[in-house]
Amino acid sequence: MPWEPIFWVIFFIINVLLIASNLYQIVCLSDLEADYMNPYESSSRINAVIIPEMVLTGVFCTLFLLTGHWFMFLITLPITCYNMNLFMKRKHLIDVTEVFRFLNPEKKYRIIKLGFYLLLFVLVIIRMVAAVSFSTMLSVFHPNYEELDLRTSLEF
């Protein structure tokens with residue numbers, strides 16, 4: 001069974017979750033800026049999704065490494081390292097008392113991160129379509145995948 005399309009579907013789902021998490025944080029910060037939400041509520045909502053987003057980004061990067069997609073791994077490595085740096089310095093959470101002072105930089109950071117995740121989204125969709133079309137092309141020419149496995153044809 002070709003695993004490549006399955007990997008890209010998993011990458012697609014993880015990327016959609018990262019985009020949704022980032023959009024949620026931007027909406028919470030915008031609601032805080034427009035005074036629809038108080039600082040405590042906004043900070044607690046954003047802080048609740050920051051750690052899962054960081055873990056998901058680390059899983060995303062690690063899966064690219066483990067599946068041998070080096071280019072995609074190198075693209076996701078800087079954001080993963082930056083998230084680890086924020087976590088190690090304990091600057092990853094939003095402080096309730098200083099949320100208004102850092103509102104614009106936090107929004108800009110999340111908008112840049114959203115642009116990065118959207119770029120990854122486009123790349124993942126392109127690679128997923130290419131993997132599915134290649135898998136379909138292989139199934140047309142070689143209906144039996146065991147014939148493509150080099151390990152079964154080697155005799156020791």
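Residues numbered from 1 in each chain as written. Predicted model: local features only at pLDDT ≥ 70, side-chain atom pairs only at ≥ 80, totals over all residues. Heavy atoms only, no water.

Colleague: An account of the overall build of the protein is requested, with residue identities and associated values reported.
Modeller: When helices and strands are counted, the protein shows 5 helices and 0 strands. Along the protein, from the amino end to the carboxyl end, the secondary structure elements read α-α-α-α-α. Across the 156 residues that make up the protein, the buried fraction comes to 33%. For the protein, the proportion of contacts with a sequence separation of at least 24, taken over those separated by at least 6, is 77%. Of the accessible surface of the protein, which amounts to about 10000 Å², a share of 71% is contributed by carbon and sulfur atoms. (Helix = DSSP H or I, 4+ residues; strand = E, 2+ residues; numbered from the N terminus. Buried < 20%, exposed > 50% of the residue type's maximum accessible area, 1.4 Å probe, protein only. Contact = heavy atoms within 4.5 Å. Areas by Shrake-Rupley, 256 points an atom, 1.4 Å probe, with all protein chains shown as cover.)

Colleague: Pulling in residues and values, what's your account of the nonpolar core?
Modeller: Core analysis: the largest hydrophobic core is formed by 20 residues, its most contacted members being Trp8, Phe60, Phe64, Met72, Tyr117, Leu120 and Val124. Within the residue set of this core, elements represented by two or more residues are helix H1 (4–33), helix H2 (39–66), helix H3 (70–88) and helix H4 (103–141). A per-element tally of this core places H4 first, with 7 residues. Non-local contacts of Leu120, meaning those with residues more than four positions away in its chain, are made with Asn15, Phe60, Met72, Ile75 and Thr76. Of all hydrophobic cores here, the second largest spans 12 residues; its members include Leu29, Met37, Met54 and Leu103. (Core = buried A, V, L, I, M, F, W, Y, C linked by side-chain atoms within 4.5 Å.)

Colleague: How would you sum up a nonpolar patch on the surface? Please name residues and give values.
Modeller: A cluster of nonpolar residues, Ile51, Val55, Val59, Phe87, Met88 and Leu93, forms a patch on the protein surface that exposes about 550 Å² of accessible area. Counting only elements with at least two residues in the nonpolar patch, the list comes to H2 and H3. For the nonpolar patch, the element with the highest residue contribution is H2, accounting for 3 residues. Of note, Phe87 is situated in helix H3. (Patch = residues over 30% accessible without salt bridge, like charges linked within 9 Å, V, L, I, M, F, W, Y side chains within 5 Å. Salt bridge = Lys/Arg side-chain N within 4 Å of Asp/Glu carboxyl O.)

Colleague: Residues and numbers for the packing of aromatic side chains, please.
Modeller: Overall, the coordinates contain 8 aromatic pairs when judged by the stated rule. Plain terms: the ring middles of Tyr82 and Tyr109 are 5.6 Å apart, the flat faces sit at 55° to each other, and that makes the pair tilted. Within this pair, whereas Tyr82 is found in helix H3, its partner Tyr109 is found in helix H4, the two being separated by 27 residues in sequence. Judged by centre distance (5.9 Å) and plane angle (55°), the ring pair of Phe116 and Tyr117 falls under tilted. The burial state of Phe116 is the same as that of Tyr117; both residues are buried. (Phe/Tyr/Trp six-rings, centres within 6.5 Å; stacked < 30°, edge-to-face > 60°.)

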